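A closer look at the structure
Here's the letter readout for the chains.
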Amino acid sequence: MVVKENIDLEHVLSKFSLTRMFYVKFLSLLLFSGVTNSFYNVNYVFAAADVRYRCKYPECDNKNSEVLNFTFDNRKCTKYALLNEAEYCSVENIDLSRGTSCKEWVYEEKGSFVEELGTACEDWKRTLVGTVHSFGYMIGLLIVGPLADKLGRKKLIVFSGITAATMGLGRSITSSYWVYVVLELIEALFGDTYSATFMLGVEMVTKENRVIFITLMTASTALAGIVMALIAWALPYWRHFLRAIYGPSLFFIMYIFLLDESVRWLLIKGQKEKGKEILKKAAEESRVELNADNISIKCEDGSTKTDMVTLLKITFRSNKLMLRFLACVCMWITGIFNKYTLLINSVELEGNKYINFGLTTLSELPASFVLGFVLKKYKRKMPLIFSFILTGIFCVGQSFVPKGNAWLSLALFLIGKFMATISYATVYLYTSELFPTYTRNTMHALCSSLGRIASILAPQTPLLIHHWPGLPSVIVGGLSLVTGTVVIFMPETSEDVLPDTVREAEAIGTKFGPDTCTRL
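An unreviewed UniProt entry annotates the chain as Organic cation transporter protein-like originating from Bombyx mandarina. Regarding the chain, the relevant UniProt record gives this comment under Subcellular location (unreviewed entry): "Membrane".

Okay, structure coming up:
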């Protein structure tokens, strides 16, 4: 007689080494998804970059004229009459009282987004691209999050990756500004692969390996920012730049055959045989003995027959989870506001914008490795509290640096960005550990979506400089200090396996901990 044993999923996954073929291939596919998604989020900084242009003066364009230099930076949307057309095209020879709106322009850089899509003297059109992307991404998370919980992580990754590739390549060939904006919106709504990718990775590794996974994902996105800056530098023509960063995303078609679904999600959805097949393959590729035929699955959970709305109601009915949700929204708003405010202002710094962007992103690379160390040694709460508080201290300090101390100001700016990276990455992992499996992606997406309000506000922070140069940094610092205080009241999650039900999620951080539902 064959005796079947009940083994929880965490125990089975612990048998597979991250250095064996199964996890090497699996994590490589997830890292590719993370890198390409990083290209999507802020490529408009380069694709829709501002350029210098001036009103076209046919009578002066073939001459060495002071008027041309004058109109590059002053009154570039108005064409002024010459006082005496027979005289030299000098600043003194223009009549500032007689001006007409420009109809034609001369651009310092040929073939720019501004020139080819006709946004000269309509700067709001250029900045609208980023706003549309942020708004679409915010709404899109509310769509793809629940779909990932309902249909599976893998299907959403494939669909979103192909959608992003199609919309990005479509933008690279359009000659219409409004078509460009519509494609940008569709991509933002349905092209986010990171959320489902992250959740798939977290659910397919043990609690000990979650820190390694978040470290790899954070490092890969940091490298992606550097690579994107180099691509933009090497391919300054915006159409070529878009094709270079979106072309590789067509590879997501192959994910249909190469990527495995989350076993944890399959088990909670009652698809036990599919889960067993993946574990059998993982065992073979990891050279581990695992007799899946003699394994029974025991999971007393009704989520397979319950619709998503009901599951969300069950989740929110818990006072503990509701309070955690509100705290998570606070953390996401602050984390995203810090990330985008500091990143956006980096291209406004004096010097080469590509280098500035690359250096600011480069600060995320060492932060990702420090992240791995602090999360292993100090768990979740302490790194979150101190990274938020230190971000606040350095950013507030940077705002009060007197003029003439450029290096001190830059050093505080980069250290603040360093700490902001640690807090943002930790929030991403921490949120995924707080909620049950059947609504994990939805709750994570909901927190992230509400947090994206900050990404809409962040592009407006440069306007605050006109009131006081240090105001954006003070806001970043103030939010960080408040959020660091909020985290003090949150539970520690590092020692617990991922919860599968509301009851298990409520037990997170207690001496009892959650009892795993996903048993094999």
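This is not the end of the story, as more comes after the structure.
Before going further, it helps to examine the nonpolar core. Counting 108 residues, the largest nonpolar core has Phe16, Tyr23, Phe241 and Met331 as the members making the most contacts within it. Counting residues per element, this core draws most heavily on helix α16 (residues 319-346), which supplies twelve residues. When residues of this core are assigned to domains, at least three fall in each of domain 1 (1-45 + 121-303) and domain 3 (304-510). Aside from chain neighbours lying at most four places away, what touches methionine 331 is Leu384, Phe388, Val427, Tyr430, Thr483, Val487 and Met490. Core analysis: the second largest hydrophobic core is formed by seven residues, Cys55, Tyr57, Tyr80 and Leu82 among them.

We now examine the packing of helix α7 (residues 153-171) against helix α11 (residues 238-246). One can describe the packing of α7 onto α11 by two numbers: an axis separation of 8 Å at closest approach and a directional angle of 165°. Put simply, α7 runs roughly antiparallel to α11. Helix-helix and strand crossings are classified by hand; for α7 and α11 the assignment is left-handed. Across from Ala164, Ala165, Gly168, Leu169 and Arg171 in α7, the residues of α11 making contact are Trp238, Arg239, Leu242, Arg243 and Tyr246.

What follows concerns empty space enclosed by the protein. With the rule as written, the count across this model stands at four cavities of 30 Å³ or more. Considered as a void within the structure, the largest cavity measures approximately 450 Å³ in volume. What lines the largest cavity is a set of 27 residues, among which Ser38, Thr221, Lys339, Glu364 and Tyr424 lie closest to the centre. In terms of residue class, the lining of the largest cavity is made up of 14 nonpolar, nine polar and four charged.

Next up on the list: a nonpolar patch on the surface. A contiguous nonpolar patch, built from Phe251, Ile253, Met254, Ile256 and Phe257 and spanning about 490 Å² of accessible area, is present on the exposed surface. With respect to the helices, strands and loops of the structure, isoleucine 256 is situated in helix α12 (residues 255-258). For isoleucine 256, a relative accessible area of 43% puts it in the partly exposed group.

Before going further, it helps to examine the packing of helix α19 (residues 381-399) against helix α23 (residues 471-487). Interaxial distance between α19 and α23 falls to 7 Å at its minimum, and their mutual angle equals 160°. Compared by their axis directions, α19 and α23 come out roughly antiparallel. Crossing handedness for the pair α19 and α23: left-handed. Across the interface between the two elements, Lys381, Leu384, Ile385, Phe388, Ile389, Thr391, Gly392, Ile393, Cys395, Val396, Gln398 and Ser399 of α19 pack against Ser473, Val474, Val476, Gly477, Gly478, Ser480, Leu481, Thr483, Gly484 and Val487 of α23. In terms of residue class, the contact of α19 with α23 is built from eleven nonpolar, ten polar and one charged.

Examined against the element boundaries, threonine 439 turns out to sit in helix α21 (residues 437-451). Overall, threonine 439 belongs to the buried group, its relative accessible area being 0%. A polar side-chain atom of threonine 439 sits 3.2 Å from a polar atom in the side chain of threonine 315.

As a further point, take unusual backbone geometry. Residues apart from glycine generally show negative phi values, whereas peptide bonds are mostly found in trans. Phi at cysteine 121 is positive, roughly 65°, even though this residue is not glycine. Mapped onto the fold, cysteine 121 is located in the loop between α5 (113-116) and α6 (123-151). Of the residues examined, cysteine 121 reaches a relative accessible area of 26% and is grouped as partly exposed. One non-glycine residue, lysine 379, lies in the positive phi region at around 65°.

What follows deals with the packing of aromatic side chains. When we look at a pair of aromatic rings, we describe it by the centre distance and by the angle of the planes. According to the stated counting rule, one finds 27 aromatic pairs in the structure shown. Ring plane angle 75° and centroid distance 4.9 Å describe the contact between tyrosine 177 and tryptophan 178, whose orientation is recorded as edge-to-face. For tyrosine 177, a relative accessible area of 4% translates into the label buried. Accessibility expressed as a relative area gives 45% for tryptophan 178, which makes it partly exposed. Put simply, the rings of Tyr194, Phe198, Phe213, Trp332, Tyr424 and Tyr428 touch in pairs and so form one group of aromatic residues. We note arginine 171 situated over the ring of tyrosine 180; from NZ or CZ to the ring centre the distance is 5.2 Å.

For the rest of this paragraph, the subject is the environment of asparagine 209. Locating asparagine 209 in the fold gives a position in the loop between α9 (194-203) and α10 (210-234). Judged by its relative accessible area of 17%, asparagine 209 is buried. As a C-alpha pair, asparagine 209 and serine 17 span 192 residues in sequence and 9.9 Å in three-dimensional space.

We now examine α21. With 15 residues, α21 extends 21 Å between its outermost C-alpha atoms, agreeing within 8% with the 21 Å of an ideal straight helix rising 1.5 Å per residue. Of all 15 residues in α21, 14 are buried, a share of seventy percent or more.

Take the state of the cysteines next. With the rule as written, the count across this model stands at two disulfides. Through a disulfide, cysteine 55 is tied to cysteine 102; the S-S separation comes to 1.6 Å. On the criterion of sequence distance, the pair formed by cysteine 55 in strand β1 (residues 53-55) and cysteine 102 in the loop between β3 (94-101) and β4 (105-107) is long-range, its members being 47 residues apart. For the residue pair cysteine 55 and cysteine 102, the accessibility class agrees, reading buried in each case. Between cysteine 77 and cysteine 121 runs a disulfide, and the two sulfur atoms are separated by 2.0 Å.

Criteria and cut-off values
Residues numbered from 1 in each chain as written. Predicted model: local features only at pLDDT ≥ 70, side-chain atom pairs only at ≥ 80, totals over all residues. Heavy atoms only, no water. UniProt positions renumbered as here; feature names shortened; annotations may be inferred. Core = buried A, V, L, I, M, F, W, Y, C linked by side-chain atoms within 4.5 Å. Buried < 20%, exposed > 50% of the residue type's maximum accessible area, 1.4 Å probe, protein only. Helix = DSSP H or I, 4+ residues; strand = E, 2+ residues; numbered from the N terminus. Domains from an automatic or database assignment. Contact = heavy atoms within 4.5 Å. Axes fitted to C-alpha atoms, helices over the stretch in contact; angles between N-to-C directions. Parallel < 35°, antiparallel > 145°, perpendicular 65-115°, else oblique. Left-handed = near helix turned anticlockwise from the far one by under 90°. 1 Å grid on protein atoms, 1.4 Å probe; cavity = no way out; pocket = protein on both sides within 12 Å on 5 of 7 lines; lining within 4 Å. Points joined across faces, edges and corners; volume = space filled by probe spheres on them. Nonpolar A, V, L, I, M, F, W, Y, C, P; charged D, E, K, R; others polar. Patch = residues over 30% accessible without salt bridge, like charges linked within 9 Å, V, L, I, M, F, W, Y side chains within 5 Å. Areas by Shrake-Rupley, 256 points an atom, 1.4 Å probe, with all protein chains shown as cover. Salt bridge = Lys/Arg side-chain N within 4 Å of Asp/Glu carboxyl O. Polar contact = N/O pair within 3.5 Å; in protein donor to acceptor, adjacent residues only side chain to side chain. Phe/Tyr/Trp six-rings, centres within 6.5 Å; stacked < 30°, edge-to-face > 60°. Lys NZ or Arg CZ within 6 Å of the ring centre and 35° of its normal. Expected span 1.5 Å × (residues − 1). Disulfide = S-S within 2.5 Å.

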